[in-house]
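# Geometric and topological summary
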Amino acid sequence: MITHVNAAHANELRQRWSTTGCGCCLADGVVAYRSRTQSICAQSSTEGELIAANAAAKVTNYLRFILHELGYTQTEPTPIYEDNDSAIKIVNHSRPTDRSRHVEIRYFALQHWRLMKDIILIHLPGVVNPADMLTKALGWVLHHRHARTPWSS
Amino acid sequence: MKLDDVFRDWYLERTGVLLDKDLVLPVLRALQGHREVAGLWEEHISAILKGVGFQNTAFEKNTYTGQFCGEKVLLVRQVDDLALGCHQESMAKSFYSDIGTKLTLHNEAEAPFEYLGLVDSFDGYGVLQTRDYIKISTKSYIRRLLKAHGWDNPSPRESSNKPKPPLHESDVANLFNLAAGPVENAPKHKALKAEQGFGYRSVLGEILFAYVLCRPDIGYAVTTLAKFSSAPNALHYKSLKHLAFYLRQTQDWGIMYWRSEPVEMLPAVAYVPMTFDDSLPIIPPPSHL
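Only a predicted model underlies this, so the values are computations on that prediction, with no experimental measurement involved.

### Observations regarding the side chain of Gln251 of chain B
All names here are of chain B. By the secondary structure assignment, Gln251 is in the loop between helix H10 (234–249) and strand S8 (254–258). One polar contact links Gln251 to Arg143, side chain to side chain, over a distance of 3.1 Å. A polar side-chain atom of Gln251 sits 2.9 Å from the main-chain carbonyl oxygen of Arg248. In this structure, Gln251 is in contact with Lys139, Ile142, Arg143, Leu146 and Arg215, ignoring residues within four places of it in sequence.

As structure tokens, this is what we get:
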């Protein structure tokens, strides 16, 4: 199982909230997806991505539980593909920076899940990350590319 | 219909009047059954499924797993529709007869339960099972939606052009920034609705259902347009209609789940990449095929 996550920073123009887009896939097809305006105002794109990664990790963990109960226990940590380098560094290297210390609980939850080997964050550029189309309106070429690629590739 | 105790209790609870048992109640419409029926049915079917070795998952009450005929099988229950995931059709048939016997009441000759064969639709999805992949789509639902609004015939120009994205990039800022339309229940709101020829909320709800079933590609468009459902203006109506037309052009799209190894007994269907524009590179199916 793998998960893609992406966030668009401050694209809700009334309150300047960011948008979370994430999708979990199994057997090359997406099984759970979400496109949603975040409920708090992220002050940087890294913070927005961390909030999105947290939402994606929650869904991922939930699917891991279900797969375990159905007898398909996941032995490896589930990769979460994310396109923001600093968010990845913050989680994978346990290094909060001055500007991200205020994202406390979500950050510690991600840390915990990473240490428990439930998830691992991996970098994937936005143009090939299919969760991109869940966060913003795209032009035809990019939209089409995301929509028809198998989510796992 | 004679009054029974359950109805008298319900009436007493609701109005405080205890009805006479000899009263006769005319039935004008079909009754939906008792309130507790759903719970009783769930208890009943769960006990039967437990009896044949199924166990349900803690979070999803409608998903079961179990050993059946020595193999691991999965089961989804949508109230009284059952879908079984297993390797051999014979297993599904023996499962059907096992459950059928248990569901048959003492005064019935045969089970009130039908064997529908290979799943081709379940709970609103269309399901296509082939040797190499399983595809779920909402084609029939989208067609029904379009037909209900009289949008089912594409214009000749549209079928030759490549489809546009579900939401125009250039429109997004205007969607947020233009003044909100008349609020609900205002006379102007009704006038705008009559002018556009459809209800914003109802069409949005219908499209939302397609999104939830298996269309992640319209996710951002749907959630964005949903923000304006209480006071849409003419541009919001236009964007929503455009979204419906996008669905018309892409009604075959769905989600494909690729098998790790081909299943020989199912028909082979050629892999057709979802594309309208030949200048775009065709993305091959995953390498393990």
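### A short note on the pairing of strand S2 (residues 17–26) of chain A
Residue and element names in this part refer to chain A. S2 sits mainly inside the fold: 8 of its 10 residues count as buried. Two strands pair when backbone bridges link them, and strand S1 (residues 2–12) and S2 are joined in this way by 8 bridges, in the antiparallel orientation. For Thr3, the partnering residue across the bridge sits in S2 and is Cys24. A loop of 4 residues connects S1 with S2, the two strands running antiparallel in sequence, and Arg16 in this loop sits at a positive phi of about 65°. Examined bridge by bridge, S2 and strand S3 (residues 29–37) share 8 bridges and lie antiparallel to one another. Each bridged residue has a counterpart across the sheet, and for Cys24 the counterpart in S3 is Ala32. Here S2 folds back onto S3 in antiparallel fashion, the turn holding 2 residues, of which Ala27 has a positive phi close to 55°.

About the thresholds
- Residues numbered from 1 in each chain as written.
- Chains lettered and ligands numbered in written order.
- Predicted model: local features only at pLDDT ≥ 70, side-chain atom pairs only at ≥ 80, totals over all residues.
- Heavy atoms only, no water.
- Helix = DSSP H or I, 4+ residues; strand = E, 2+ residues; numbered from the N terminus.
- Polar contact = N/O pair within 3.5 Å; in protein donor to acceptor, adjacent residues only side chain to side chain.
- Contact = heavy atoms within 4.5 Å.
- Buried < 20%, exposed > 50% of the residue type's maximum accessible area, 1.4 Å probe, protein only.
- Pairing = 2+ DSSP bridges.

This is a description of form; function is not addressed.
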